[in-house]
Amino acid sequence: MIKLVQFFNERIFEMRLQRAIRKADQMHELTGHRYMVIRWKNELIVKSKKHLKNAIKSHRLKCSMQQLEDGALYITK
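All figures in this text were calculated on a predicted structure; none of them were measured in a lab.

J.: Provide a residue-level description of the confidence of the model for the protein, including the pertinent values.
T.: Caution applies to low-pLDDT regions: their predicted coordinates should not be interpreted in detail. Looking at the protein, pLDDT values average 95 and 100% of them are 70 or higher. Mean pLDDT across the elements of the protein ranges from a minimum in helix H3 (residues 65-71), with 95, to a maximum in strand E3 (residues 74-75), with 97.

J.: Please give an account of unusual backbone geometry that cites residues and values.
T.: Positioned with a positive phi, Asn42 is a non-glycine residue whose angle comes to about 60°. By the secondary structure assignment, Asn42 is in the loop between strand E1 (35-40) and strand E2 (43-48). What makes Asn42 exposed here is its relative accessible area of 66%. The backbone phi angle of His59 is positive, close to 65°, even though this residue is not glycine. Considering the arrangement of structural elements, one finds His59 in the loop between helix H2 (49-57) and H3. Exposure remark for His59: the relative accessible area of 62% places this residue in the exposed category.

Criteria and thresholds
Residues numbered from 1 in each chain as written. Predicted model: local features only at pLDDT ≥ 70, side-chain atom pairs only at ≥ 80, totals over all residues. Heavy atoms only, no water. pLDDT = per-residue confidence, 0-100. Helix = DSSP H or I, 4+ residues; strand = E, 2+ residues; numbered from the N terminus. Buried < 20%, exposed > 50% of the residue type's maximum accessible area, 1.4 Å probe, protein only.

Right, here's the structure in full:
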């Protein structure tokens, strides 16, 4: 039973990840900015690199850009 629940949770995560990757690619094509898919508080969020840099500079995020890039699930090219 536990393996079945784990299986469904993994599938749901994969579907959400694919949706976030499609959204990041669409936003990249629209704006030309680099976008990152990040897991934040058990949610997948899509943010532009420019937005994250501004959040770090204004001390809303207490980490470096390198840490965010290392932990990102997907980064547009």
